[in-house]
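# Structure assessment
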Amino acid sequence: FKTHLSFEPIIAFWENLAKSGSEEEIAFAEAILAEVNQVPAFRKPIKDAMPFVEKHRKLVDKLMSALFPKALEFNEIKAATPPFVFDPIFATHRFQKITEFNGGCLGNPSNLDPSLVHFAKFIHACRSLLAKFYNRDIPLETPFIFSMKDPDTDLDVHYKMTINGDFIDINLTGELKELSEADIDYMLDNIIDVDLWKKNLPPENFEINGFVISTLVNVTHNEVLSQLKNNLLESHALLSEEQFHKIRRNVRSLFKIPDLRVGIGVFDDSLGITNFGHWCWRDLVCKARIKNIGQEFKGSIYQKVLETDSVVVENMDNLKSPTGIEKAIQETKVKSLIVAPLKYDDQVIGYLELGSSQPKALNSITMTRVKDILPLFSVAIQRSVEERSNRIDAVIMEKFTAIHSSVAWRFQDAAENFMKAKESGNAEVEMEPIVFDQVYPLYGMA
């Protein structure tokens, strides 16, 4: 479609205000219109938008003052752009701050394949033509989600763009083709058939002038929850360091804490905590910091989580009689901490831990949002435990013959050690010999 920037729709607004506004509004509108009349180009479609706007920046700002109140420029994320072009001719201070931090532009919507962006614009233009010339209003919404970095925290933020097309004029420049209700229904049934749409609504017969108001609305919470769900559903989500890095980034964006540390672990009936150190990059502390995990577990935060419910510590320095585990966490400079149980089939199977170097960054209010993500982590950790168990069984089947159930535990330990060595990069590792000293098989009548 032929599209041009045009100020005619906003000029029409000021002309109406000059006729029907209050005394002060009339005076202000007449002053603006007097300046517009000195530059006749303002009343014509503008081909080279940005050079024209920069040349007449002061007058453009005055025209846009009706749509962009000065008092909201540090709060609203809003911009005016030519039709179907994400290139602002006017923007609020906050919009400019965000886009400048992200390379000076919005980029492509993160929720659409780049090849679909052009198609989405085309269909929305056709929708406007059907509404104006054929009196057929088609409910069609294609959300544009833009993923960027927050200039204050450098965390991922996600914005949904809402578009106001009140200041768009669509002009007929050629012959208007007759379309019946059946024709339009057939077009809608074949909405991806671009050739059909171009045949019935030839783009060369129309001209779209004006500008649109685009507003960015923060939808980070919903988007991050969706991404977190998808990342946790990935195979080996908690066993892959790369995948866990994505998950940690999701959680940091969700809670808006740049230094947030994320840990996850499994509870075991004998020691209290397993994988405490094996998944070292996923725990707030590593096994090497604690002399006796089983002993230090008693009376610790983690025992409370296993036996009761979530624990919120707003300042680790205020803990009375900390255990070895809690002292190890303090050594990592974690000041505020949340540890929450992960349940599967009403059984506590593990824990999620969040830590920040800032006291009170994690608190009881934060805990209300933690509850939103606990079910996602619970399913993921149960699946990870099952995946790891299956891998251990596979190693045993590959390395050994049939094993009696009474000694299966020893072979599982050996397979676990073998897998750990493999994962740490030891490609030449061999399975350890399994010997039971002073144990004798008994045959026959026994």
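Refer to the preceding data block for the structure.
Described below are features of the structure shown in this document. None of the values given here were measured: they were computed from a predicted structure.

Okay, the layout of surface pockets next. For the second largest pocket, the calculated volume is near 610 Å³. In terms of lining, the second largest pocket is formed by 27 residues, of which the most central are F84, H124, S128, I163 and V212. If you list the elements that add at least two residues to the lining of the second largest pocket, you get α6 (114-133), β5 (156-164), β6 (168-172) and β8 (212-218). Ranked by the residues each element gives to the lining of the second largest pocket, the list is headed by α6, at 6 residues. Partitioning the lining of the second largest pocket into residue classes produces 14 nonpolar, 8 polar and 5 charged.

All right, on to the pattern of salt bridges then. The full count for this structure, using the stated rule, is 15 salt bridges. Of the charged contacts in the structure, one is a salt bridge between K70 and E73, with a shortest N-O distance of 3.4 Å. A relative accessible area of 67% means that K70 is categorised as exposed. Overall, the relative accessible area of 19% leaves E73 in the buried class.

The next thing to look at is the sheet that holds strand β4 (residues 144-149). Reading across from one edge, β3-β2-β8-β5-β4 is the order of the 5 strands in this open sheet, with antiparallel pairing throughout. In this open sheet, the two edge strands, each paired with only one partner strand, are β3 (90-91) and β4. As defined by bridge partners, strand β2 (residues 78-81) adjoins β8 across 4 bridges and the pair is classed as antiparallel. When the bridges of β8 are listed, A80 appears paired with I213. Against the sheet, helix α9 (residues 220-233) touches β4, β5 and β8, its axis set at about 125° to β5.

Right, let's talk about the side chain of S253 for a bit. In this fold, S253 is placed in helix α10 (residues 241-255). Accessibility expressed as a relative area gives 3% for S253, which makes it buried. Among all residues touching S253, those that are not within four sequence positions of it are L155, D156, T220 and V224.

With that settled, the discussion passes to empty space enclosed by the protein. All chains considered together, the criterion is met by 1 cavity of 30 Å³ or more. Each pocket or cavity is described by its volume, and for the largest cavity that value is around 40 Å³. Taken together, A79, T81, F86, D87, P88, F95, L106, M161 and S214 make up the full set of residues lining the largest cavity. Here the lining of the largest cavity is composed, by residue class, of 6 nonpolar, 2 polar and 1 charged.

Here we take up helix α5 (residues 93-101). Buried within α5 are the following residues: F95, I98 and T99. Seen end-on, α5 carries its buried residues on one side only, within an arc spanning 95°. The secondary structure elements touched by the buried residues of α5 are β2, β3, β4, β5 and β8. Just past α5, the residue G103 takes up positive phi, approximately 90°.

Attention shifts here to the packing of aromatic side chains. According to the stated counting rule, one finds 14 aromatic pairs in the structure shown. On the basis of an interplanar angle of 50° and a centroid distance of 5.2 Å, the ring pair of F7 and F42 is categorised as tilted. With F7 in the loop between β1 (2-5) and α1 (8-20) and F42 in the loop between α2 (23-37) and α3 (49-55), this residue pair connects regions lying 35 residues apart in the sequence. Residue classification places F7 among the buried positions, given a relative accessible area of 0%.

Criteria and cut-off values
Residues numbered from 1 in each chain as written. Predicted model: local features only at pLDDT ≥ 70, side-chain atom pairs only at ≥ 80, totals over all residues. Heavy atoms only, no water. 1 Å grid on protein atoms, 1.4 Å probe; cavity = no way out; pocket = protein on both sides within 12 Å on 5 of 7 lines; lining within 4 Å. Points joined across faces, edges and corners; volume = space filled by probe spheres on them. Helix = DSSP H or I, 4+ residues; strand = E, 2+ residues; numbered from the N terminus. Nonpolar A, V, L, I, M, F, W, Y, C, P; charged D, E, K, R; others polar. Salt bridge = Lys/Arg side-chain N within 4 Å of Asp/Glu carboxyl O. Buried < 20%, exposed > 50% of the residue type's maximum accessible area, 1.4 Å probe, protein only. Pairing = 2+ DSSP bridges. Contact = heavy atoms within 4.5 Å. Axes fitted to C-alpha atoms, helices over the stretch in contact; angles between N-to-C directions. Arc of directions from axis to C-beta. Phe/Tyr/Trp six-rings, centres within 6.5 Å; stacked < 30°, edge-to-face > 60°.

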